[in-house]
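Spelled out, the chains give:
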Amino acid sequence: MIRYPALIDGEKGAYGVSFPDIPGVVAMGTTMDEALLNAEEALRDYVIETERVGDEPVPPSLIEEIETTVGSALVSVPLIRLSGHSVRANIMLDEGVLAYIDGEARRRGLTRTKFVEWMTRRIAQMGG
């Protein structure tokens, strides 16, 4: 999976994410989680638009090469290309794990499928 280095900064209620390799591609959120999910979407939109006009996306720098500024944290954002086509995935889960998934999905107003998709994207953002 391709990951782009990004800088996140801000304070409670207002966070921003920028990509040092891609000036002008930024995202905001009221929480760090929201800002990172929005950054993933902004990165995906950048790649889609860049490829649509026939250009190649800028390759990501090594995270070790990125300098941080005071007040910002270095993170990496995964490039997750969505196909728009759902596929069935039959999996077996421990019943306790499934009960947790269902409870969290209800609490967040999501379907089980949308919660698992959200959770997977979140884990990818953390570098899992």
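What counts, and where the lines are drawn
- Residues numbered from 1 in each chain as written.
- Predicted model: local features only at pLDDT ≥ 70, side-chain atom pairs only at ≥ 80, totals over all residues.
- Heavy atoms only, no water.
- Helix = DSSP H or I, 4+ residues; strand = E, 2+ residues; numbered from the N terminus.
- Buried < 20%, exposed > 50% of the residue type's maximum accessible area, 1.4 Å probe, protein only.
- Contact = heavy atoms within 4.5 Å.
- Areas by Shrake-Rupley, 256 points an atom, 1.4 Å probe, with all protein chains shown as cover.
- Pairing = 2+ DSSP bridges.

Description of the overall build of the protein chain
Argument step 1. Counting its regular elements, the protein chain contains three helices and four strands.
Argument step 2. Helices and strands in the protein chain line up, N terminus first, as β-β-β-α-β-α-α.
Argument step 3. Principal-axis analysis of the C-alpha atoms gives the protein chain an extent of 45 × 40 × 25 Å.
Argument step 4. Buried residues in the protein chain amount to 33% of all 128 residues.
Argument step 5. Taking the intrachain contacts of the protein chain between residues at least 6 apart in sequence as the baseline, contacts between residues at least 24 apart amount to 52%.
Argument step 6. For the protein chain, the computed accessible surface area is about 8700 Å², with 56% contributed by carbon and sulfur atoms.

Some remarks on the pairing of strand S2 (residues 14–18)
Argument step 1. As defined by bridge partners, strand S1 (residues 3–11) adjoins S2 across five bridges and the pair is classed as antiparallel. When the bridges of S2 are listed, Ile-8 appears paired with Val-17.
Argument step 2. If you look at the hairpin formed by S1 and S2, you'll find two residues sitting between the two strands, and Gly-13 has a positive phi there, around 95°.
Argument step 3. Inspection of the sheet shows S2 paired to strand S3 (residues 26–29) by four bridges, in the antiparallel sense. Across the sheet, residue Tyr-15 finds its bridge partner in S3, namely Gly-29.

Overview of the environment of Gly-54
Argument step 1. Tracing the backbone shows Gly-54 in the loop between helix H1 (32–52) and strand S4 (72–78).
Argument step 2. Each C-alpha atom of the pair Gly-54 and Ile-22 lies 17 Å from the other, and the pair is 32 residues apart in sequence.

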